[in-house]
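A closer look at the structure
Each chain is listed here by its residues.
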Amino acid sequence: MSAAEFKKAGLDKLSPAELHTLNAWLRSHVGMAGAGASSSAAAPVVVGPANQFGYRRPIDQPRATVESTLPGRFSGWDSHTQFSLANGQVWQVSESSSWSCQTMQDPKVTIKPMLLGSWLMYIQGCSNSVRVERVH
């Protein structure tokens, strides 16, 4: 699901806890309607970043929480911000949002896998999270 589809479906209005609950429900119910459905059929499809046409391809590997820091001074983001983490990964805001935080030095970040292939970044000391996608 693209960021635009995610927003169009209204899922961007859900809190992280609500998204977690929905994701858990999907894991337990997807593929369960047919008789004899296996437990592997209940696993949600994990997709990668959208290509230039907005299509996403499935990813074979499990998604894990990322923990790192944002080197340097940090005071917020807008819809075009790219975050270069200390671990070498680069993530970009994937929604139309902006947020100002108290200026911090080298804040810790946690990026958690969310519903339908999306990711949510939490920045220590900032009172808001932001939906992101990995670009490198």
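Going by the structure above, here's the rest.
Residues numbered from 1 in each chain as written. Predicted model: local features only at pLDDT ≥ 70, side-chain atom pairs only at ≥ 80, totals over all residues. Heavy atoms only, no water.

1. Some points on the sheet that holds strand β7 (residues 119-123)
Ordered in space as β1-β6-β7-β8-β4-β3, the 6 strands form an open sheet in which the pairing is antiparallel. A single partner strand is all that each edge strand has here, and the edge strands are β1 (66-69) and β3 (82-84). Strand after strand, the sheet turns through a mean of 35 degrees between neighbouring axes, direction not considered. Pairing analysis gives 5 bridges linking strand β6 (residues 108-113) to β7, with the strands arranged antiparallel. If you follow Pro113 over to β7, its bridge partner there is Trp119. (Pairing = 2+ DSSP bridges. Helix = DSSP H or I, 4+ residues; strand = E, 2+ residues; numbered from the N terminus. Axes fitted to C-alpha atoms, helices over the stretch in contact; angles between N-to-C directions.)

2. What about the side chain of Gln89?
The topology assignment puts Gln89 in the loop between β3 and β4 (90-93). Once residues within four sequence positions are removed from consideration, Gln89 is found in contact with Val66, Phe83, Ser84, Arg134 and His136. (Contact = heavy atoms within 4.5 Å.)

3. Observations regarding the pattern of salt bridges
All chains considered together, the criterion is met by 1 salt bridge. The shortest N-O distance in the salt bridge between Glu95 and Arg131 comes to 4.0 Å. Of this pair, Glu95 sits in the loop between β4 and β5 (99-105) while Arg131 sits in strand β8 (residues 129-134), and the two are 36 residues apart along the sequence. Assessed through its relative accessible area of 25%, Glu95 is described here as partly exposed. According to the relative accessible area criterion, Arg131 is buried, its value standing at 7%. (Salt bridge = Lys/Arg side-chain N within 4 Å of Asp/Glu carboxyl O. Buried < 20%, exposed > 50% of the residue type's maximum accessible area, 1.4 Å probe, protein only.)

4. Structural notes on the environment of Asn128
Considering the arrangement of structural elements, one finds Asn128 in the loop between β7 and β8. On the basis of relative accessible area, Asn128 is assigned to the partly exposed category, the value being 30%. In this structure, the C-alpha to C-alpha distance between Asn128 and Trp99, residues 29 residues apart in sequence, is 7.6 Å. Apart from residues no more than four positions distant in its own chain, Asn128 is found in contact with Trp77 and Trp99.

5. Describing the pairing of β6
The pairing of β1 with β6 spans 4 bridges and is antiparallel. For Glu67, the partnering residue across the bridge sits in β6 and is Thr110. Linking two consecutive strands that pair antiparallel, namely β6 and β7, is a turn of 5 residues; a positive phi of about 55 degrees is found at Leu116 within it.

6. Details of unusual backbone geometry
Here Asp106, not a glycine, exhibits a phi torsion of approximately 50 degrees, which is positive. With respect to the helices and strands, the residue Asp106 is situated in the loop between β5 and β6. Of the residues examined, Asp106 reaches a relative accessible area of 39% and is grouped as partly exposed.

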